[in-house]
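Results of the structural survey
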Amino acid sequence: MSIRARRGAWILAPAATVLLILGVTAASRTVAHHIFAADSREQTINKKVDALLAKMTLAEKFGQLEMAGPDGANGTPGPLLLQNAKAGLVGSVLDLVGVNNINQAQQAALQSRLHIPLIFSLDVIHGYQTIFPVPLMEASSWDLAAITRDEAVSASEATADGIKWTFNPMVDIARDPRWGRVVEGAGEDPYLGSAVAAAKVAGYQGSDYSRLDKMAATVKHFAAYGAPVAGREYNTVDMSTQQLFNDYLPPYKAAVNAGVATVMSAFNSLNGVPASGDPYLLKQILRQMWDFKGAVVSDYQAVQELVEFGFAANEQDAARLALTAGVDIEMGVQVPSINSTYTNFGPALVTSGKVSIAQVNADVRHVLRLKYLAGVFDHPFTDPTRVQHAELTPANLAAARTIADESSVLLRNENALPLPKSTGSIAVVGPLADNAADQLGSNVPIGQNAVAVAHTTTVLQGVKNAVPSATVTYAQGCDTACTSSAGFGAAVQAANAAQRTVVVVGEPASYSGEASSRSDISLPGQQLALVQAIAATGKPYVVVLMNGRPLTIGWLADNAPGLLESWYPGTEGGNAVADVLFGSVNPSGKLPMTFPRNVGQIPISYNELPTGRPADPNNKYTSKYLDVPNTPQYPFGFGLSYTTFQFSNLRLSSSSVGTHGSLTVRADITNTGTTSGTDVAQLYIHDRVASVLQPVRKLAGFQRVSIAGGQTRTVTFTLGPSQLGYYDNNGHFGVEPGAFDVYVGDSSVGGLSGQLSVQ
Ligand code: BGC
């Protein structure tokens, strides 16, 4: 690691510092023992891989690089898949679900000449049958332990069905809520995003993903897929090296450091080169700089798409470019025929010398290693009876409720919430009030939708469960598209007849996720008019939002007496929303992504760079809009509680620190109300003068703290080179001496402030 002195000279940090930063001490025998055990396992696996590789034909080698899909009726393994598996021409299978289908395909693979088992992969994104809140909502909990636990539940459910490999976590940083896939990530911040990435890998994989209830994870989409121009899906990404390294790469790197098994190359181009054909990303950064040892899989048909990009002349050229760039496995699946460019053109590319056999051997090694580490050689089949004990268990459902409780974000409360449990009559209104399918959000795994929907508690049911003695009425008002106001009358009538109304509005699940960019991110159709019709009754009401991205909700932010962001809260979402509405749970979620006031402010994030002309209302020639303030509707890190917290007594262990050193930052938080609550204390820093401009604020630590009413707790953060430093435009990391601002609070705006000098 090199540490750069101000404007130029680079000093080498001693290896001990690096180990210290990683939390490793020479005296740590346990760590040494694990490293030794891991090394010897790695050596054993290497030997087995070598032995197998020596026996493989070129066609069999390319077989391992082939990811096929189900070609039979209703997603079953059809004749082609079975035949190719028997011939050793398939390495992995995507989207084949059902333990019997999987075992059948595995049986065929084990009949192949070398008996190499298949590995089965699927998008298991926020649950398998027990559906957790969508990833953007999970991140709103800022609860890493809960996130790890949820992914462990996902792994235990999916592996019971034979799926040993998930294409998650998606860690693409995003500052543009028009992009539909913001729902799948952890939002806009590299520090939070990195922590969540590592927590997810730990949950899926544990310390050993050969265990029957663990699975290999995939960090995706490498790289910078979350920054398409204009928020339009699959669009161009073009960014500076410093932005790439400081803001977009850290979560992928965190996943790699956490031992993620595989990396998925992205669909997008980055700086003019498609990511799935880019050796700079896949070799230089991933293999050389980060020492990644796992397998790289392309995104779905991303290799073929090198032709459409105008990067490859034809499919043969595409195969050559992807192979030499470092894509090990081609997800080329085109059902029913195998259409991957690797299988079709790979062997000829090798015999003609256009691709080296050394490259292909390296790719195959990565795949075989993955299979050994995932335990599929030792346990190729899945016991079909495991499903009954693993999926939708009470413990899994309880975990889903807990994280949904923790990750709803209270955006506004004019004494409207919590609703009294003594309320005698409640109207539950709106297109998402009793809508299990949409409440689950996008990315329910293939084949699991019906069972997931059947086990989902909607808000209507959740309210009934929470206040069993109340009279609860329901009126949909309109469907999610809300093109007609015909049902508004019944909704208004229900509101008029009830003491309180809960209006649940938002986007249908299909409005976010892949290929779901929107140019208008307000409530769809006439949904706002529905809320306004309820408001016009003059009766007390609150609004619950379900959506997969920050929305533009100016009217609600100004007028709704109570406003709860519940994203897509999953299977237990209705109970969790009711927990918060009736005060059984005090809300503690904080936004992981900025809410803009309007689409014109996008891209927007709290950690913007300073300008030479900061906004000044008295000076026209400063950086601002004529028609909207620069400030967002709701900032990153924001979220209210039913109690109030006060931060005080910011103290630094030292007012100065060396470029290699660390210090502690402490602050007290007092719950100034009577109800116990949980706040997320957030540490931000700002490097005042830097050779490459540094964000006006950047998150450098966070902690969830539960505090009883009237009590005070102290939070402690460690601040060191990893947070104080940054990457320059050559991709070099360093800490520059100079003055830093330090902030501690519970949002990216305001908080206590102090100063620090790095020397
Ligand atoms: C998505 C990936 C996903 C893959 C397999 C692609 O379209 O971009 O995120 O893992 O499909 O389902």
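We now examine the sheet that holds strand β13 (residues 425–429). The 6 strands are arranged β12-β17-β16-β15-β13-β14 in an open sheet whose pairing can be described as mixed. Sheet topology places β12 (409–413) and β14 (471–475) at the edges, where each strand pairs with a single neighbour. Between one strand and the next, the sheet's axes are offset by a mean angle of 20°, whatever the strand orientation. Of the pairings in the sheet, the one linking β12 to strand β17 (residues 562–565) comprises 4 bridges and is antiparallel in character. Its bridge partner lying in β17, Arg-412 is registered against Leu-563.

Side-chain pairs of opposite charge can arise where the charged atoms are in close proximity. Evaluation of the coordinates by the stated rule reveals 25 salt bridges. The salt bridge involving Asp-668 is made with Arg-651; its shortest N-O contact spans 3.2 Å. Of this pair, Asp-668 sits in strand β20 (residues 663–671) while Arg-651 is found in strand β18 (residues 645–652), placing the two residues 17 residues apart along the sequence. Taken together, the salt bridges that share partners define one network made up of Glu-138, Glu-151 and Lys-200.

What follows covers the site of the ligand. Neighbouring the ligand are Asp-123, Phe-167, Arg-181, Lys-220, His-221, Met-264, Phe-267, Asp-299, Tyr-300, Met-331 and Glu-514. The separation between an oxygen atom of the ligand and a polar side-chain atom of Asp-123 is 2.4 Å. Within the side chain of Asp-299, a nitrogen or oxygen atom sits 2.6 Å from an oxygen atom of the ligand. Within the complex, the protein chains bury 91% of what would otherwise be the 310 Å² of accessible surface of the ligand. Residue classes in the shell around the ligand are distributed as 5 nonpolar, 1 polar and 5 charged.

With domains assigned, the chain is organised as domain 1 (406–601) and domain 2 (645–758). Placing the centre of domain 1 and that of domain 2 at their C-alpha centroids yields a distance of 34 Å. Between Lys-590 and Asp-679 there is a salt bridge; the shortest N-O distance is 2.9 Å. Tallied by class, residues from the side of domain 1 that touches domain 2 come to 1 nonpolar, 2 polar and 2 charged.

Applying the stated criterion to the full structure yields 17 aromatic pairs. Between Trp-142 and Phe-702, the ring centres sit 5.2 Å apart and the planes meet at 90°, which makes this aromatic pair edge-to-face. Here the residue Trp-142 occupies a position in the loop between α6 (135–140) and α7 (144–160), and Phe-702 occupies one in strand β22 (residues 698–707), the gap between them amounting to 560 residues. The two residues Trp-142 and Phe-702 agree in class, both being buried.

The next thing to look at is the nonpolar core. Ranked by size, the top nonpolar core spans 173 residues in total, and within it Phe-222, Leu-411, Val-543 and Leu-581 carry the most contacts. Counting residues per element, this core draws most heavily on helix α15 (residues 357–373), at 7 residues. Ignoring anything within four residues of it in the chain, the contact list for Val-543 reads Val-503, Val-505, Val-531, Leu-556, Ala-560, Gly-562, Leu-563 and Leu-564. Within the second largest apolar cluster, 24 residues are counted, among which are Val-657, Ala-700, Val-705 and Leu-756.

Let us now look at unusual backbone geometry. Here the amide bond leading from Lys-220 into His-221 is cis, since omega sits at -5°, within 30 degrees of zero. Residue placement: His-221 occurs in strand β7 (residues 218–222). The peptide bond linking Leu-417 to Pro-418 adopts the cis configuration, its omega dihedral lying at -5°. Looking at the element boundaries, Pro-418 is found in the loop between β12 and β13. Phi angles above zero are rare outside glycine, and Asn-74 is one such case at about 55°. Within the secondary structure, Asn-74 is located in the loop between β3 (67–68) and α4 (79–86). The class for Asn-74 is exposed, based on a relative accessible area of 80%.

Sheets are built from strands paired through backbone hydrogen bonds, the pairs being either parallel or antiparallel. Overall, parallel pairing links the 3 strands, which are arranged β7-β8-β11 in an open sheet. The sheet is open, and its two edges are formed by β7 and β11 (295–298), each paired on a single side. Across this sheet, the average inter-strand angle for adjacent strands is 25°, counted without regard to direction. Across 4 bridges, the pairing between strand β8 (residues 262–265) and β11 is parallel. Bridging across to β11, Ser-265 finds its partner in Ser-298. Packed on one face of the sheet, helix α10 (residues 250–257) meets β7 and β8 and runs near 155° to β7.

Burial in helix α13 (residues 315–325) covers these residues: Asp-317, Ala-318, Ala-319, Leu-321, Ala-322, Leu-323 and Ala-325. The distance from a side-chain oxygen at the start of α13 to the backbone nitrogen of Gln-316 is 3.2 Å, and the residue carrying that oxygen is Asn-314.

This paragraph deals with the packing of helix α9 (residues 241–248) against α10. α10 packs onto α9 with a crossing angle of 50° between their chain directions and a minimal axis gap of 6 Å. Viewed along their axes, α9 and α10 adopt a mutual orientation that is oblique. For the pair α9 and α10, the contacting residues are Leu-244, Phe-245, Asn-246, Asp-247 and Tyr-248 in the first and Pro-250, Pro-251 and Tyr-252 in the second.

Taken as a whole and judged by the stated rule, the model has 1 disulfide. Here Cys-478 is linked by a disulfide to Cys-482, with a sulfur-sulfur distance of 2.1 Å. Its S-S torsion of about -95° marks the bond between Cys-478 and Cys-482 as left-handed, since a negative value means left-handed. Pair check on accessibility: Cys-478 and Cys-482 agree, each one buried.

How each quantity is defined
- Just so you know, the residues in each chain are numbered from 1, in the order the chain's sequence is written.
- Totals for whole chains, interfaces and linings use every residue, but because this is a predicted model, local features are given only for residues with pLDDT of at least 70 and side-chain atom pairs only at 80 or more, for both listing and counting.
- Calculated side-chain values reflect all of the structure's heavy atoms, with hydrogen atoms and water omitted.
- Any two strands with at least two DSSP-identified bridges between them are counted as paired.
- Counting from the N terminus, the helices are the DSSP runs of H or I reaching at least four residues and the strands are the DSSP runs of E reaching at least two.
- Orientation is described by lines fitted to C-alpha atoms, with helices fitted over the stretch in contact, and by angles between N-to-C directions that extend from 0 to 180 degrees.
- Note on definitions: salt bridges are taken to be side-chain nitrogens of Lys or Arg within 4 Å of carboxyl oxygens of Asp or Glu.
- One heavy atom within 4 Å of a molecule or strand is enough for the residue carrying it to be called near that molecule or strand.
- As used in this structure description, the phrase polar contact means that two N or O atoms lie within 3.5 Å; if the pair is within protein, one of them must be able to donate a hydrogen and the other to accept it, and residues adjacent in sequence are counted only when both atoms belong to side chains.
- Using a 1.4 Å probe, the Shrake-Rupley method yields the accessible areas, and only the shown protein chains count as cover for residues.
- Each residue gets one of three labels, nonpolar for Ala, Val, Leu, Ile, Met, Phe, Trp, Tyr, Cys and Pro, charged for Asp, Glu, Lys and Arg, and polar for the others, Gly among them.
- Segmentation into domains, and thus their bounds, comes from an automatic or database assignment.
- Here a pair means two rings of Phe, Tyr or Trp (six-membered ring of Trp) with centres within 6.5 Å. Their orientation is stacked below 30 degrees between planes, edge-to-face above 60, and tilted elsewhere.
- Between buried and exposed lies partly exposed: a residue is buried under 20% and exposed over 50% of the maximum accessible area for its type, with that area taken using a 1.4 Å probe on protein chains only.
- Buried Ala, Val, Leu, Ile, Met, Phe, Trp, Tyr and Cys residues that are joined via side-chain atoms within 4.5 Å together make up what is termed a nonpolar core.
- Note on definitions: a residue-residue contact is assigned when non-hydrogen atoms from the two residues lie within 4.5 Å.
- In this scheme, roughly parallel covers angles under 35 degrees and roughly antiparallel covers those over 145, while 65 to 115 is roughly perpendicular and the rest are oblique.
- We call a pair of cysteine sulfur atoms a disulfide when they lie within 2.5 Å.

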